[in-house]
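# Structure at a glance
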Amino acid sequence: MKNLFRFAVLASTSLALGLSAQASGVNPGSLLVFPAFDNIRADLTLLTVVNTNDDQTSGTVKVEYVYINELNCQEFNRTRTLTPNDCLTVVTKLDNPNQVKGYAYVFAKDKTSGKAISFNHLIGTERVLSAIDNDYEVQPWVFESPLAHGLETDAIAN
């Protein structure tokens, strides 16, 4: 519940500060929120994140995938490194070993400190391959940081 509260505060604070939230996957941002994943059914949920920064000097970034369980708000995290123009697609059933349903978000992190940063170069998409119904694609909500590139964005103290 603590993490859900943190997320709600982060999202509402972001909107209050004038951050734009887009559900297109084309407008890059620092935070991508994927509305749902289901690791229980026979379907496969694939999350794709792309680093659109092509700067070979400052374009590498760490991104943290955070999976939130819909039943108890417990989270499971994985951190990856995306180089300039890099793309990573994960199957949530394999990436998150907990067989649960919920939502996920991905945010940019500083390569050294691990703190959330402004890195408005992330886009993504969610694709569900269904064993029973038609496959479908969902675009994440994309939150763009108003801060300069590389500045810390985490306003919530732990």
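Read on for a plain summary of the structure. Computed from a predicted model, the values in this text were never measured in an experiment.

### Some words on the overall build of the chain
- Within the chain, the regular secondary structure consists of two helices and 10 strands.
- Secondary structure elements of the chain, listed N to C terminal, follow the sequence α-β-β-β-β-β-β-α-β-β-β-β.
- Within the chain, buried positions represent 41% of all 158 residues.
- For the chain, the computed accessible surface area is about 8,300 Å², with 55% contributed by carbon and sulfur atoms.

### What to know about unusual backbone geometry
- Residues other than glycine seldom take positive phi values, yet Cys73 does so here, at roughly 65 degrees.
- The class of Cys73 is buried, set by a relative accessible area of 9%.
- At Asn85, a position not held by glycine, the phi torsion is positive, near 60 degrees.
- For Asn85, the position within the fold is in the loop between strand E5 (75-82) and strand E6 (87-91).

### Some words on the packing of aromatic side chains
- With the rule as written, the count across this model stands at three aromatic pairs.
- Both rings, one in Phe37 and one in Tyr67, keep their centres 5.3 Å apart while their planes meet at 85 degrees; by these two values the pair is edge-to-face. Remark: Tyr67 occurs in strand E4 (residues 61-69) and Phe37 occurs in strand E2 (residues 31-38); sequence separation between them is 30 residues. In this pair, the class of Phe37 matches that of Tyr67, namely buried.
- Relative to Tyr105, the ring of Tyr103 has its centre 6.5 Å away and its plane inclined at 25 degrees; by these criteria the two rings are stacked. Residue Tyr103 shares its accessibility class with Tyr105, and that shared class is buried.
- Members of the aromatic cluster, joined through ring pairs, are Tyr103, Tyr105 and Phe107.

### Section: the nonpolar core
- The biggest cluster of nonpolar side chains holds 19 residues, and the ones touching the most others in it are Phe34, Val49, Val61, Val63, Tyr65, Tyr67 and Leu122.
- At the level of elements, E2, strand E3 (44-51), E4 and strand E7 (101-109) are the ones that each hand at least two residues to this core.
- Here this core gets four residues from one element, more than from any other, and that element is E4.
- By size, the runner-up hydrophobic cluster in this structure holds 10 residues, among which are Leu31, Ile68, Cys73 and Ala116.

### Some details on the pattern of salt bridges
- On inspection of all chains with the given rule, the structure shows five salt bridges.
- The salt bridge partner of Glu137 is Arg127, with a shortest N-O separation of 3.7 Å. In this pair, Glu137 sits in strand E9 (residues 136-138) while Arg127 sits in strand E8 (residues 122-129), placing the two residues 10 residues apart along the sequence.
- Under the relative-accessibility criterion, Glu137 is labelled partly exposed at 43%.
- A residue is classified by how much of its surface remains accessible, and Arg127, at 34% relative accessible area, is partly exposed.
- Through salt bridges with shared partners, a single ionic network connects Arg78, Arg80 and Asp95.

Analysis parameters
- Sequence order as written defines the numbering, with residues in each chain counted from 1.
- Selection of residues for local features in this predicted model requires a pLDDT of at least 70, selection of side-chain atom pairs for listing and counting requires 80 or more, and totals for whole chains, interfaces and linings are taken over all residues.
- With hydrogens and water excluded, all non-hydrogen atoms of the structure serve as input to the side-chain values.
- By the criteria applied, helices consist of DSSP H or I runs no shorter than four residues and strands consist of E runs no shorter than two, each listed in order from the N terminus.
- The buried label applies to any residue whose accessible area, calculated with a 1.4 Å probe on protein chains only, is under 20% of its type's maximum; exposed applies above 50%, and partly exposed to all values in between.
- A 1.4 Å probe and the Shrake-Rupley method give the accessible areas. Residues count as covered only by the protein chains that appear here.
- Pairing of aromatic side chains here covers Phe, Tyr and the six-membered ring of Trp, requires ring centres within 6.5 Å, and sorts the geometry by plane angle: under 30 degrees stacked, over 60 edge-to-face, intermediate tilted.
- Only buried residues count toward a nonpolar core. Its members are Ala, Val, Leu, Ile, Met, Phe, Trp, Tyr and Cys residues joined through side-chain atoms within 4.5 Å.
- Each salt bridge in this description consists of a side-chain nitrogen of Lys or Arg and a carboxyl oxygen of Asp or Glu lying within 4 Å of one another.

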